[in-house]
Amino acid sequence: MLRAGSVVTCIACKGLLPSRMGVKFRVPLQKLHPLSRAIHHRYSANNNPQRPPHCSAARHYTSLSRLPMRPPKSRSGGHGYQQHRTFWVARLAARLLKLRYILLGSAVGGGYTAKKTYDEWKEMLPDMSEYTWIVPDFVWELSENIDLDKLASALPELEEIAKLLPDMEKIGENFTFLKSLLSSETTGESALRAPDVPPASAAMADSGDKQFKKSSDKEKVDQLQEELLRTQLKYQRMLERLEKENKELRKVVLQKDDKGIHQRKVKKSLIDMYSEVLDILSDYDSNYNTQDHLPRVVVVGDQSAGKTSVLEMIAQARIFPRGSGEMMTRSPVKVTLSEGPHHVAMFKDSSREFDLGKEEDLAALRHEIELRMRKSVKEGQTVSPETISLSVKGPGIQRMVLVDLPGVISTVTTGMAADTKETIFSISKAYMQNPNAIILCIQDGSVDAERSIVTDLVSQMDPQGKRTIFVLTKVDLAEKNLASPSRIQQIVEGKLFPMKALGYFAVVTGKGSPNESIDSIKDYEEDFFQNSRLLKDGMLKAHQVTTKNLSLAVSDCFWKMVRESVEQQADAFKASRFNLETEWKNNYPRLRELDRNELYEKAKNEILDEVISLSQVTPKHWESILQKKLWERVSTHVIENIYLPAAQTMNSGTFNTTVDIKLKQWTDKQLPHKALEVAWETLQEEFARFMAEYKGKDQDDIFDKLKEAVKDESIKRHKWNERAMDSLRVIQHNALEDRSITDKPQWDAAIQFMEETLQSRLKDTESVIADMVGPDWKQRWMSWKNRTPEQHTRNETKNELERLLKLHEDHTAYLANDEVTTVRKNLEARGVEVDPVLIKDTWHQLFRRHFLQKALLHCNLCRRGFYYYQRHFVDSELECNDVVLFWRIQRMLGITANTLRQQLTNTEVRRLEKNVKEVLEDFGEDNEKKVQLITGRRVQLAEDLKKVREIQEKLEAFIEALHKEK
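By convention here, each chain's residues receive numbers from 1 onward along its written sequence. Owing to the predicted nature of the model, reporting of local features is limited to residues with pLDDT of at least 70; listing and counting of side-chain atom pairs is limited to 80 or more, with chain, interface and lining totals taken over all residues. Excluded from the side-chain calculation are hydrogens and water; included are all heavy atoms of the structure.

Our focus in this paragraph is the side chain of Thr-420. Note that Thr-420 resides in helix α15 (residues 420–432). Three exposure classes are used, based on accessible area relative to the maximum for each residue type with a 1.4 Å probe and protein chains only: buried under 20%, partly exposed in between, and exposed over 50%. Classification of Thr-420 by relative accessible area gives buried; the value is 2%. Here the side chain of Thr-420 touches Ala-417 through a polar contact of 2.7 Å, landing on its backbone oxygen. Whether two residues are in contact is decided by their heavy atoms, any of which lying within 4.5 Å being enough. In this structure, Thr-420 is in contact with Met-327, Thr-382 and Ile-409, ignoring residues within four places of it in sequence. The secondary structure listing takes helices from DSSP runs of H or I that are at least 4 residues long and strands from runs of E that are at least 2 residues long, numbered from the N terminus. We define a polar contact as two N or O atoms separated by no more than 3.5 Å, with the added condition that, inside protein, one atom must be a possible hydrogen donor and the other a possible acceptor, whereas residues neighbouring each other in sequence contribute only through side-chain atom pairs.

With that settled, consider the packing of helix α24 (residues 652–669) against helix α27 (residues 723–737). Lines are fitted to the C-alpha atoms to define the axes, a helix being fitted only along its stretch in contact, and any angle between axes, read from their N-to-C directions, falls within 0 to 180 degrees. Interhelical geometry of α24 versus α27 gives an angle of 165° and a closest axis separation of 9 Å. On the basis of their axis angle, the class for α24 and α27 is roughly antiparallel. Read as a crossing pair, α24 and α27 show a hand that is right-handed. For the pair α24 and α27, contact is made by Leu-663, Lys-664, Thr-667 and Asp-668 and by Arg-729, Gln-732, His-733 and Leu-736, respectively. Residues are grouped as follows: nonpolar covers Ala, Val, Leu, Ile, Met, Phe, Trp, Tyr, Cys and Pro; charged covers Asp, Glu, Lys and Arg; every other residue, Gly included, is treated as polar. Here the contact of α24 with α27 is composed, by residue class, of two nonpolar, three polar and three charged. Any angle between 65 and 115 degrees counts as roughly perpendicular, while under 35 counts as roughly parallel, over 145 as roughly antiparallel, and the rest as oblique. Crossing chirality is assigned from the near helix's rotation relative to the far helix, an anticlockwise turn below a right angle marking it left-handed and a clockwise turn marking it right-handed.

With that settled, the discussion passes to a negative patch on the surface. A cluster of acidic residues, Glu-386, Glu-925, Asp-926 and Glu-928, forms a negative patch at the surface. Topologically, Glu-925 is positioned in helix α34 (residues 881–925). Exposure remark for Glu-925: the relative accessible area of 64% places this residue in the exposed category. Patch building starts from residues that exceed 30% relative accessible area and form no salt bridge, then joins like charges within 9 Å and nonpolar side chains (Val, Leu, Ile, Met, Phe, Trp, Tyr) within 5 Å. Surface exposure here means Shrake-Rupley accessible area, sampled with a 1.4 Å probe, where a residue is shielded only by the protein chains that are shown. By salt bridge we mean one thing: a side-chain nitrogen of Lys or Arg within 4 Å of a carboxyl oxygen of Asp or Glu. Just so you know, the count uses Lys and Arg for positive and Asp and Glu for negative, and it drops His and the chain ends. The location of each charge is read from NZ of Lys, CZ of Arg, CG of Asp or CD of Glu.

This part takes up the sheet that holds strand β4 (residues 354–355). Pairing between strands is defined by DSSP: at least two bridges between the two strands are required. With mixed pairing, nine strands are arranged side by side in an open sheet as β4-β3-β5-β2-β6-β1-β7-β8-β9. Because the sheet does not close on itself, it has two edges, and the strands there are β4 and β9 (503–506). The strands that helix α13 (residues 307–315) touches are β1 (297–301), β2 (333–339), β5 (388–394), β6 (400–404), β7 (438–444) and β8 (468–473); relative to β6, the one it contacts most, it runs at about 155°.

The next thing to look at is the UniProt feature "disulfide bond" in the chain. Our working definition of a disulfide is a cysteine sulfur pair at a distance within 2.5 Å. UniProt positions are given in the numbering used here, feature names are shortened, and annotations may be inferred rather than shown by experiment. In this structure the UniProt-annotated cystine Cys-862-Cys-880 is intact, with an S-S distance of 2.0 Å. Taken together, the residues Cys-862 in the loop between α32 (836–861) and α33 (866–871) and Cys-880 in the loop between α33 and α34 connect sequence positions 18 residues apart.

A contiguous nonpolar patch, built from Trp-777, Trp-781 and Met-782 and spanning about 500 Å² of accessible area, is present on the exposed surface. Taking the relative accessible area as the measure of exposure, Trp-781 reaches 66% and is therefore exposed.

This part is about unusual backbone geometry. Phi is mostly negative for residues that are not glycine, and the peptide bonds are mostly trans. Its identity as a non-glycine residue notwithstanding, Ser-304 has a phi of 65°, on the positive side. Mapped onto the elements, Ser-304 comes out in the loop between β1 and α13. Phi at Thr-546 is positive, roughly 75°, even though this residue is not glycine. Counting through the fold element by element, Thr-546 comes out in the loop between α20 (533–536) and α21 (547–587).

The subject of this paragraph is α15. Under the convention used throughout, the expected extent of a helix is 1.5 Å for every residue step, that is, one less than its residue count. For α15, which comprises 13 residues, the first-to-last C-alpha distance of 18 Å matches the rise-based estimate of 18 Å (1.5 Å per residue) to within 8%. Of the residues making up α15, those classed as buried are Thr-420, Thr-423, Ile-424, Ile-427, Ser-428, Tyr-431 and Met-432. Buried residues along α15 cover an arc of 160° about the axis, so they all sit on one side. Contacts from the buried residues of α15 go to β1, β6, β7 and α16 (454–461). Directions pointing from the helix axis toward each C-beta atom define the arc.

Look at any regular strand and the pattern is simple: side chains alternate between the two faces of the sheet. In terms of burial, β7 is largely enclosed, as seven of its seven residues are buried. Residues Ile-438, Leu-440, Ile-442 and Asp-444 line one face of β7 and the alternating positions Ile-439, Cys-441 and Gln-443 line the opposite face, and both faces are buried. Pairing of β1 with β7, which is carried by five bridges, proceeds in the parallel orientation. Counterpart to Val-299 in the pairing with β7 is Leu-440. As paired elements, β7 and β8 share six bridges and run parallel to each other. Counted as the bridge partner of Gln-443 is Leu-472 from β8.

Tracing the chain through its elements places Ser-520 in helix α19 (residues 518–531). Between the C-alpha atom of Ser-520 and that of Gly-510, which follows or precedes it by ten residues, the distance is 7.9 Å.

As a further point, take the state of the cysteines. A complete count under the given rule lists one disulfide for this structure. Paired through a disulfide, Cys-862 and Cys-880 show a sulfur-sulfur distance of 2.0 Å. Judged by the sign of its S-S torsion, about -105°, the cystine formed by Cys-862 and Cys-880 is left-handed.

For the structure shown, the criterion picks out 46 salt bridges. With a shortest N-O distance of 3.3 Å, Asp-272 and Lys-393 are connected by a salt bridge. With Asp-272 in helix α12 (residues 270–282) and Lys-393 in strand β5, this residue pair connects regions lying 121 residues apart in the sequence. Owing to a relative accessible area of 15%, Asp-272 belongs among the buried residues under this scheme. Across the pair Asp-668 and Lys-664 runs a salt bridge, and its minimum N-O distance is 2.5 Å. Taken together, the positions of Asp-668 and Lys-664, both in helix α24 and four residues apart, correspond to about one turn of that helix. On the accessibility criterion, Lys-664 (36% relative accessible area) is partly exposed.

For the rest of this paragraph, the subject is the environment of Val-545. Positionally, Val-545 belongs in the loop between α20 and α21. Look past the residues within four positions of Val-545 in its chain and what remains in contact with it is Ala-506, Phe-529, Leu-535 and Leu-540.

Ring pairs are drawn from Phe, Tyr and Trp, using the six-membered ring of Trp, whenever the two centres fall within 6.5 Å, and their geometry is named by plane angle: stacked under 30 degrees, edge-to-face over 60, tilted for the rest. Tallying each qualifying case throughout the model produces 14 aromatic pairs. Here Phe-470 and Tyr-504 contribute two aromatic rings whose centre-to-centre distance is 5.7 Å and whose plane-to-plane angle is 50°, an arrangement assigned as tilted. In this pair, Phe-470 sits in strand β8 while Tyr-504 sits in strand β9, placing the two residues 34 residues apart along the sequence. Of the residues examined, Tyr-504 reaches a relative accessible area of 13% and is grouped as buried. With a centroid separation of 5.6 Å and an interplanar angle of 55°, the aromatic rings of Tyr-643 and Phe-851 are classed as tilted. Residue Tyr-643 is located in helix α23 (residues 619–647), and its partner Phe-851 is located in helix α32; the two are separated by 208 residues in the primary sequence. The pair Tyr-643 / Phe-851 is uniform in exposure class, with both members buried.

And the structure:
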């Protein structure tokens, strides 16, 4: 075995270092390639025979150093040849044994070198697991539509491809050699010095190297920081380029789907499933302490701190209303961000899509958000707790759910409600007190930190900072205005504010112009941080800047919180569902679980069935009801204003003339209106009667309030056809003009109608007189009743007037003044003081009774007068003009009832049914109305059961999809 020192070099080793590498000193042996070291040892041993062979301090061994030198050929024969022939077998065996060790050592050394090289290269490769979302979803589904086995069989074999690849082991060995060579420091200085360099020169070289190292460290740090920024910007540009390509690929796939090239079932995205759960929870009023603790990102900040701008940068669109210094966010806005092929926005309760790439759609979206905010604010208030739900999809958008809250204010200004500040605080606390909510705290960097209000509020809700992310906005203005940039460093390091946070970020959201586009803001932000002293001087870290990094961090934190808490929420709703189902089984064991909407549909069908039953009413029933009600309405006018005045005349001609005039006036002005009123009231009564009679075994009392409201609203909306009044007036006028009674049954019917009417009026008149004079002697003795002084006066007046009527049976309807005076004096003579008005009032009732009694007697005489009427005989005793009048009235009532019945059955019932349907449709769209009309514990319990089941099912589906995505 040959041994050589570490300082000795040879001519062969010098040839391995070319002059272009700039190394003017000798290379230490430890830095040489193993193969070069082997060659170096061999030659150096032969060239330096005078050096002592034992130098253990710098001894190096290689497998090649054990190889024996080839012996010189023997020139002489005889003994030399014999000796060579004698030991050739031993020499051959020894060489074979040495060859085994050579192969074993080479294999071990080569394997270790290859493994080390592979590990180094593996560590240099970037971790691409975080960028799997860049690959569109259809790539993962290619296996469903493309036969990958055929493609794999068409590809060349791995052995053929391996032949084309470079030898990675050799490249790795050379790379390791060059890396160790260039990074050599003081450890190899003794070996790098030439043997002929004096000690003084070596010391000077060492000091020069140290100074050079110190001066170059700062440059290296600066270069590394600049290179890091360039690399980060480079990767951001690559991501943006990949996002654009992804968007184009998505469009192509969707276009193929539209053309029917291949049908692919589009699955609902994970974030959309989660957003649906949040929407249901926002509408769910729990009575079982099942609180909404599902994660969402709550964006809070002082007014005009730039929180809406940060949200727009994350959503990559200017979607919110803007104003300078004015409160624009008046209610919470829930924004569901998700990745999609097109950049669009849509409200939860609307099917319209707003294309965020078009400025007119952006303006329409901002206007719609502002209208919804102002509509949600009640009168006398400034902000509202009602949430506006909006979804935004687009390529490259991070998936998360954010809630933009109204900005926190310190002072209530003119025009605001007095409780605006407290209302904003209560809304913010309601969202932040959720233990799983991620608080995105926005702080304006251009104002003094001491003026911040939101930081104190956030520190109260999350004192440990376990779910808070702090964002410093307007950093460009902060760097320009602040005298000490280190103040910004203190803020982003969490040393200035008392609050704690998971992470701190610094962003720039534009130059303050409302017309800036998202792309221009991104470019401005990128240029600012690339040239900013904050990043160059190390005050800010590269991962703490730009809204892109912020959105990535918030999205990661959001999904981490979702994975940690969603299963607990599912278990809570499962327990709530069990409690509700147990209560239903105990209280309503024989009833189906119908929620408010299902109950409303059931009641709607019942009401429509009841309306349809109106068409089953017989014509005879309609006409009898209409005729009876119409006569009840007009009988007083006929008796008091037509019959009695006409009956005071002395001859039939005057009677008929008076009747005709009064009937004509009545028909033109009042009768049609009265008839339509009666018909409308009859329709209402029949509708109400059918709704009341419909109740049976299956009738649910829970619908009573709803049915009553539907009936009232339908009747209120229903208006009778105005054209029917004109036609009805003509019909009634023609009926009253006819005086010809054609047969005896009609005559008898008219007499009977007249008798019934007069008897009814006579009975009413006698009842009035009895009330005026008080109880008679029989009632006074039997019932112990007494007359009042007024009744006593009226009784005396009645007796005096009855004596007058007996003397003058044909007296007129009115008393003369002298007759009034005579009656009064006669009463005064008996000690009764009476007023002339009382005398006239009493006379009216007495004469009315006297006239009706005479009319009934005349009616009985006219039963045998049809023959005289038909032959037109003139007989003063049998002039039955009043019978003809009542026949005309009766005939008019029958014709009017028939006409109204036809109009009811042919037109008005259908119109009423239409009105009822419209009312039911309006009530069905008004949730508040349904809540008012369909109430009770049973309804609320069914509503809670439906909501809890829906939430639990959607949560379970979301958890399953979440596990699949993992």
